[in-house]
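# Tertiary structure, described
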Amino acid sequence: MILSKFVDELPIPPILKPRWKDQFYTYYEVNMTEFSQSLHSQLNNSTVWGYENGYPGPTIEVESGEKVFIKWINNLPDKHLFPIDYTVHGAHWDVPDVRTVVHVHGACVEWESDGYPEAWFTKGFKQVGPYFRKQIYRYDNCNHACTLWYHDHTIGITRLNIYAGLAGFYLIRENRERSLNLPSEKYEIPLMIQDKTFNEDGSLYYPKQPEKPIPELETSIIPEFIGDTILVNGKVWPYLEVEPRKYRFRLLNASNTRFYRIKLDSGQFMYQIATDGGLLEYPIGIREIMLAPAERADVIIDFTNLEGKNIIMTNDAPAPFPGGDKPDPLTVGQVMQFRVTLPLSSVDTSTIPAYMVPVPKIKEQSVTRIRYLTLNDNMDQYGREWMLLDNKPWDAPISENPKLGTTEIWYLINVTDDSHPIHLHLIDFQILDRRNFDVDKFNKEKVIEYTGPAMPPEPQERGWKDTVRANPKQVTRIIMEFGPFTGLYIWHCHILEHEDYEMMRPYIVIR
Ligand SMILES: [Cu+2]
């Protein structure tokens, strides 16, 4: 079934209203429910899951430093929308099918409120996972202004819960950013990009088995999910009417596996102003931007003098990345359309500033510990791909235990053929460099022999990051200071099919 492109308007998720707000703190309640929603006007409504009856969920907007409490409430039915593989870690027969736990991606947050994958809970908190600590999460929002997002993180079924619709934006604001006079209010729009596949009846499709089925299993996890349709903010190939002026877009790749290399078919520049962790030192003009799952980029697009033009946001990243097929330019090679059809409602006084905020480089001399961590590709007892971090499964004893306030460098040694977006909870890091190395020699002798020079991060990555593309046959080095909280966090690949099986590890920040 081929759906027409650019026939539905881009939805913009509403801003969530707090239940309580005073000078000391803010309190929200967020319900997770199942409902039906139109994802394209030529499709029957689809059954989805969402926060506050919306997919994507409502946007949560907070100030930097604001104390926020959120009660995440599971009001989902007992039956899952998608087939569960009970051989996957944490998703065995002994736990209920429908479990949830919410993680604010990129949040500086105490561990008990971070959404640890084994801190899941069911409807009415009737059953909870072994690491469940509290019903009401506390967020200190110690980040600077940035684009974060909240999403499900339940052990063994994250890929299914997010695919069902459990994701939304979480924006942190700050006067430092307001003073820059960037495009704001209705000229500031979040764009959550995802890929999905539909059944004829309009329901969402998620495979029960990989392309080469596993005969012993009724349902098996797949090595990656690649959808044949692109959605932005929960609409298939939407359009957005814009005024001939500057806009700020907060781009988020919330797909299971698909990477996007985004361009405008007008060939014009986008001005990137922020990375995962907030503003860059200065805007950079770019013609394309790469976004792996969970990566964000804030860009300003200037539609001035483009009255009457239609501009398509395109994608030419192979899927899976980088070894997969190039996207069909007529379908998944397109993301959405901008129509410069609205009259200019007032003079555009917003600016693209020459300088934004300091982004001090973390000094390599301050490092107290270096860790060498491999990204591995193994095979399980069914002959399936079994991707690991540091060659250890989720359940192996904790091996990464940084001390509070110390700085470490992690060498992400990728011996696989895929690019893996590696995400650390709690902290933001900086990318030092990437470097090709001899994989065969490493596999045999466990020594890194570089085969090329160290390559600095791309200009679009030279800010605070919480997710980094660790490319195949490269060593990617990141540097970070651990804090301000101690406790149990995780690091993982953000390809959801990898994270569920089982490219995810706990780490602990100790005193
Ligand atoms: Cu991965």
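Everything here concerns the structure above.
Let me begin by describing the structure that accompanies this report.

Rules used throughout
Residues numbered from 1 in each chain as written. Predicted model: local features only at pLDDT ≥ 70, side-chain atom pairs only at ≥ 80, totals over all residues. Heavy atoms only, no water. Pairing = 2+ DSSP bridges. Helix = DSSP H or I, 4+ residues; strand = E, 2+ residues; numbered from the N terminus. Axes fitted to C-alpha atoms, helices over the stretch in contact; angles between N-to-C directions. Core = buried A, V, L, I, M, F, W, Y, C linked by side-chain atoms within 4.5 Å. Buried < 20%, exposed > 50% of the residue type's maximum accessible area, 1.4 Å probe, protein only. Disulfide = S-S within 2.5 Å. Donors = N, O, S within 2.8 Å, 3.2 Å for Na, K, Ca; no water.

Spatially, 5 strands are ordered S24-S23-S25-S29-S27 in an open sheet, and the strand pairing comes out mixed. The open sheet has two edge strands, strand S24 (385-389) and strand S27 (430-436), and neither has a second partner. Direction aside, neighbouring strands of the sheet carry axes that sit 15° apart on average.

A few words now on the sheet that holds strand S28 (residues 467-470). Taking strand neighbours across the sheet as the criterion, the 4 strands line up as S28-S26-S30-S31 in an open arrangement whose pairing is antiparallel. A strand with exactly one partner marks an edge of an open sheet, and here the two such strands are S28 and strand S31 (504-509). Direction aside, neighbouring strands of the sheet carry axes that sit 25° apart on average.

Let's shift gears to the nonpolar core. Judged by nonpolar contacts, the single largest core of 136 residues is most densely connected at Trp72, Tyr170, Phe249, Phe338, Ile422 and Leu424. Within the second largest apolar cluster, 12 residues are counted, among which are Leu432, Val439, Phe442 and Val475.

Inspection of every chain in the model, using the stated rule, returns 1 disulfide. Here cysteine 108 is linked by a disulfide to cysteine 142, with a sulfur-sulfur distance of 2.0 Å. With the S-S dihedral at roughly -90°, the linkage between cysteine 108 and cysteine 142 falls on the left-handed side. Taken as a pair, cysteine 108 in the loop between strand S6 (102-105) and strand S7 (136-139) and cysteine 142 in the loop between S7 and strand S8 (146-152) lie far apart in primary sequence, 34 residues in all. Overall, cysteine 142 belongs to the partly exposed group, its relative accessible area being 41%. Unpaired in terms of disulfides, cysteine 146 finds its nearest cysteine sulfur in cysteine 108, a separation of 9.9 Å. Look at cysteine 146 and you get buried, because its relative accessible area is 4%.

Ligation of the copper ion by protein atoms is provided by His420 (ND1), Cys493 (SG) and His498 (ND1), these donors lying 2.0 to 2.1 Å from the ion. When the donors of the copper ion are listed by position in the chain, the intervening gaps give H-x72-C-x4-H. In this pair, histidine 420 sits in strand S26 (residues 420-424) while histidine 498 sits in helix H4 (residues 496-500), placing the two residues 78 residues apart along the sequence. For the pair histidine 420 and histidine 498, a shared accessibility class is recorded, and that class is buried.

Moving on, we get to the pairing of strand S20 (residues 296-302). With 6 of 7 residues buried, S20 is to be regarded as a mostly interior element. Direction of pairing for strand S15 (residues 246-253) relative to S20: antiparallel, over a ladder of 7 bridges. Along S20, the bridge assignment pairs arginine 248 with isoleucine 300. Examined bridge by bridge, strand S17 (residues 270-275) and S20 share 3 bridges and lie antiparallel to one another. Paired with glutamine 272 across the two strands is valine 299, which belongs to S20.

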